[in-house]
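Okay, here's what each chain looks like letter by letter:
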Amino acid sequence: MAVACFNFNPVLSPLVPAPPGRRGRTAFLRPREASPGPLACGAVVGRGGWRLAAAAEPQAVQEQPARTEVSGETAAAGPSEASSKLVLVVGGTGGVGQLVVASLLSRNIKSRLLLRDPEKAESLFGKQDESVMQVYKGDTRNPSDLDPRIFEGVTHVICCTGTTAFPSKRWDGDNTPERVDWDGIRNLVSALPQTIKRLIFVSSIGVTKYNEIPWSIMNLFGVLKYKKMAEDFVRNSGIPFTIIRPGRLTDGPYTSYDLNTLLKATAGERRAVVIGKGDKLVGEVSRLVVAEACIQALDIESTEGQIYEINSVKGEGPGTDPEKWKELFSSAQST
């Protein structure tokens, strides 16, 4: 295994909210040097670690009357041109989901959130214009909540819902692994139109080994079993998919903070990315790395129909560079 080690320090303008108006093996990248400088992306690697936004150079910061345009996907077309994507984020206020949404906002990629409690969106991300972010109320556990209008115009989906593996306060209100990780995913995928270009589904390492020690301990209440059932349902749905299986999650969640906090979130020293296949990785991963992997996989064709495990370790990482992520994903498939 090798580690993706890159050293760069892009600078982004801050996001200014506007009033409000839906188908192994392990790979690494060989370390190499890259000169610091601005990148059209939503993350920063510098002394402070992997960060979603920074203003280290005041002259590079430009506030707009409504919001700052930051384009990660369409840099070649100019910084003020919005992405053509409409990404539905399910679980957008959870530990990984909130970082996905913050990063989409920083890239000027339009998002639509499906939430049980829409008020959480405003507390986390501020009041956003509907041209930037839309919020729909709905519970994936209830098929009747999944009105077709939620999915109108949606091009991509990132699903990062989940609950705790063991009984906890989060289970209150029938929020068990069976209801969230199986019923919820089955209902959501069944409601998605076949026109979706890519569904990114966040699962977990160990799902193929839930009857083996030590995974059987984590699976005492069925969380890994239900996630594997959900994976199989996604794979058989006919919708182009990528499945991301993270290790034990670190960094965050930041659910008691706001967008400004999310944009400054850091993965500390654990920025190097390890991607594997075959459910062989054991370890932990920064939520920031998982969120970035989800966003990168949307556009990397080689990830379609693939399942990846992901960890993060000490060292510099790929940040938000699409080419470095493409090499990581491709290496996982070819080794």
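- Looking at an unreviewed UniProt entry, one finds the protein named NAD(P)-binding domain-containing protein and attributed to Urochloa decumbens.

Points about the overall build of the protein
Part 1 of the argument: Assigned secondary structure in the protein consists of eight helices and 13 strands.
Part 2 of the argument: For the protein, the proportion of its 335 residues judged to be buried stands at 55%.

Brief notes about the packing of aromatic side chains
Part 1 of the argument: Summed over all chains, the structure comprises five aromatic pairs.
Part 2 of the argument: Between the aromatic rings of W171 and F221, the centroid separation amounts to 5.7 Å while the plane-to-plane angle is 85 degrees, which identifies the pairing as edge-to-face. Here F221 lies in the loop between α4 (215-218) and α5 (223-235) and W171 lies in the loop between β7 (156-159) and α3 (177-191), a separation of 50 residues in the sequence.
Part 3 of the argument: Measuring from ring centre to ring centre gives 5.8 Å for W325 and F329, while their planes differ by 35 degrees; the resulting arrangement is tilted. Here W325 and its partner F329 are both found in helix α8 (residues 322-334), four residues apart, which amounts to about one turn of the helix. Of the two residues, W325 and F329, neither departs from the other in class, the shared state being buried.
Part 4 of the argument: Within the aromatic cluster, the residues linked to one another by ring pairs are F166, W171 and F221.
Part 5 of the argument: A cation over a ring is seen here: K277 above Y308, with NZ or CZ 5.5 Å from the ring centre.

Quick notes on helix α7 (residues 287-297)
Part 1 of the argument: Most of α7 sits out of view: 11 of its 11 residues are buried.
Part 2 of the argument: Looking only at α7, the buried set comprises R287, L288, V289, V290, A291, E292, A293, C294, I295, Q296 and A297.
Part 3 of the argument: Residue S286 occupies the N-cap position of α7, its side-chain oxygen lying 3.1 Å from the main-chain nitrogen of L288.

Section: the pairing of strand β13 (residues 306-313)
Two faces make up the sheet, and in a regular strand the side chains alternate between them.
Part 1 of the argument: The buried count for β13 comes to six of eight residues, which makes it a mostly enclosed element.
Part 2 of the argument: Looking at chain direction, strand β9 (residues 241-246) and β13 are connected through five bridges and run parallel. In the sheet register, T242 faces β13, and the bridge partner there is Q306.
Part 3 of the argument: Direction of pairing for strand β11 (residues 272-276) relative to β13: antiparallel, over a ladder of five bridges. By the bridge assignment, V274 is partnered in β13 with N311.

Notes on the layout of surface pockets
Part 1 of the argument: Space inside the largest pocket adds up to approximately 1300 Å³.
Part 2 of the argument: Taken together, 45 residues make up the lining of the largest pocket; nearest its centre are C160, T161, G162, T163 and R170.
Part 3 of the argument: Counting residues per element, the ones that place at least two in the lining of the largest pocket are β5 (110-115), α2 (119-125), α4, α5 and β10 (248-250).
Part 4 of the argument: Residues belonging to the lining of the largest pocket are distributed by class as follows: 19 nonpolar, 18 polar and eight charged.

Concerning the packing of α3 against α5
Part 1 of the argument: Viewed as axis vectors pointing N to C, α3 and α5 meet at an angle of 10 degrees, and their least axial separation amounts to 8 Å. The angle between α3 and α5 places the two elements in the roughly parallel class. For the pair formed by α3 and α5, the contact residues are P177, E178, D181, W182, I185, R186, V189 and S190 on the first element and V223, Y226, K227, M229, A230, F233 and V234 on the second.
Part 2 of the argument: Looking at the contact of α3 with α5, its residues break down into 10 nonpolar, one polar and four charged.

Considering the nonpolar core
Part 1 of the argument: Core analysis: the biggest nonpolar cluster contains 47 residues, and F125, I158, I275, I310, W325 and F329 have the highest contact counts within it.
Part 2 of the argument: For this core, the leading source of residues is α7, giving eight residues.
Part 3 of the argument: Aside from chain neighbours lying at most four places away, what touches F125 is G92, T93, Q98, V101, A102, L105, L113, M133, L259 and L262.
Part 4 of the argument: Within the second largest apolar cluster, 26 residues are counted, among which are L88, I150, F151 and W182.

A closer look at a nonpolar patch on the surface
Part 1 of the argument: A cluster of nonpolar side chains, F166, I213, I217, M218, L220 and F221, forms an exposed patch at the surface whose accessible area comes to about 610 Å².
Part 2 of the argument: By the element assignment, F166 lies in the loop between β7 and α3.

Digging into the environment of D279
Part 1 of the argument: Mapped onto the fold, D279 is located in the loop between β11 and β12 (284-286).
Part 2 of the argument: Through-space distance from the C-alpha of D279 to that of V207 is 7.7 Å; in sequence the pair is 72 residues apart.
Part 3 of the argument: If we skip the residues at most four places from it in the chain, D279 touches I205, G206, V207, T208, K209, R245 and E309.
Part 4 of the argument: Here V207 takes part through its backbone nitrogen, which lies 3.3 Å from a polar atom of the side chain of D279.

Let's talk about the pattern of salt bridges
Part 1 of the argument: Applying the stated rule across the entire model yields 21 salt bridges.
Part 2 of the argument: Salt-bridge contacts for E309 lead to R245; the nearest nitrogen and oxygen are separated by 2.9 Å. Highlighted residues: E309 in strand β13 and R245 in strand β9, separated in sequence by 64 residues. Accessibility assignment for this pair places E309 and R245 in one class, buried.
Part 3 of the argument: Each of the salt bridges in this network shares a partner with another, and the network as a whole consists of D174, R179, D183 and R186.

About the cut-offs
- The residue count restarts for each chain, going from 1 along the sequence in the order it is written.
- Predicted model: local features are reported for residues with pLDDT of at least 70 only, side-chain atom pairs are reported and counted for 80 or more only, and whole-chain, interface and lining totals are derived from all residues.
- Processing note: side-chain calculations cover all non-hydrogen atoms of the structure and skip hydrogens and water entirely.
- Helix numbering and strand numbering both begin at the N terminus, where a helix is a DSSP run of H or I of at least 4 residues and a strand a DSSP run of E of at least 2.
- Type-normalised accessible area, obtained with a 1.4 Å probe on protein chains alone, sets the label of each residue: buried when under 20%, exposed when over 50%, and partly exposed for intermediate values.
- Each Phe, Tyr or Trp ring, with Trp reduced to its six-membered ring, pairs with another whose centre is within 6.5 Å; inter-plane angles below 30 degrees give stacked pairs, above 60 give edge-to-face pairs, and intermediate values give tilted ones.
- Throughout this description, the term charge over a ring refers to an Arg CZ or Lys NZ atom that lies within 6 Å of the ring centre and within 35 degrees of the ring normal.
- Here a polar contact means two N or O atoms within 3.5 Å. Within protein one must be a hydrogen donor candidate and the other an acceptor candidate, and residues neighboring in sequence count only if both atoms are side-chain atoms.
- Between any two strands, pairing holds if DSSP finds at least two bridges.
- The method works on a 1 Å grid over the protein atoms by themselves. A cavity is a set of points holding a 1.4 Å probe that cannot get out, a pocket is an open set with protein on both sides within 12 Å along at least five of seven lines, and residues with an atom within 4 Å of a point line them.
- Grid points are joined across faces, edges and corners, and a volume is the space filled by probe spheres set on the points.
- Charged residues are taken to be Asp, Glu, Lys and Arg, nonpolar residues to be Ala, Val, Leu, Ile, Met, Phe, Trp, Tyr, Cys and Pro, and polar residues to be all remaining types, Gly included.
- For helices, the fitted axis covers only the stretch in contact; all axes are lines through C-alpha atoms, and the angles between them, taken along N-to-C directions, range from 0 to 180 degrees.
- In what follows, roughly perpendicular refers to angles from 65 to 115 degrees, roughly parallel to angles under 35, roughly antiparallel to angles over 145, and oblique to any angle outside these ranges.
- The contact rule is simple, with two residues in contact once any of their heavy atoms fall within 4.5 Å.
- Among buried residues, those of type Ala, Val, Leu, Ile, Met, Phe, Trp, Tyr and Cys that are joined through side-chain atoms within 4.5 Å constitute a nonpolar core.
- Residues with no salt bridge and a relative accessible area higher than 30% make up the patches, which join like charges within 9 Å and nonpolar side chains (Val, Leu, Ile, Met, Phe, Trp, Tyr) within 5 Å.
- Where accessible areas are quoted, they stem from the Shrake-Rupley method and a 1.4 Å probe; at the residue level, only the protein chains shown are allowed to cover.
- Take a side-chain nitrogen of Lys or Arg and a carboxyl oxygen of Asp or Glu: if they are within 4 Å of each other, that pair is a salt bridge.

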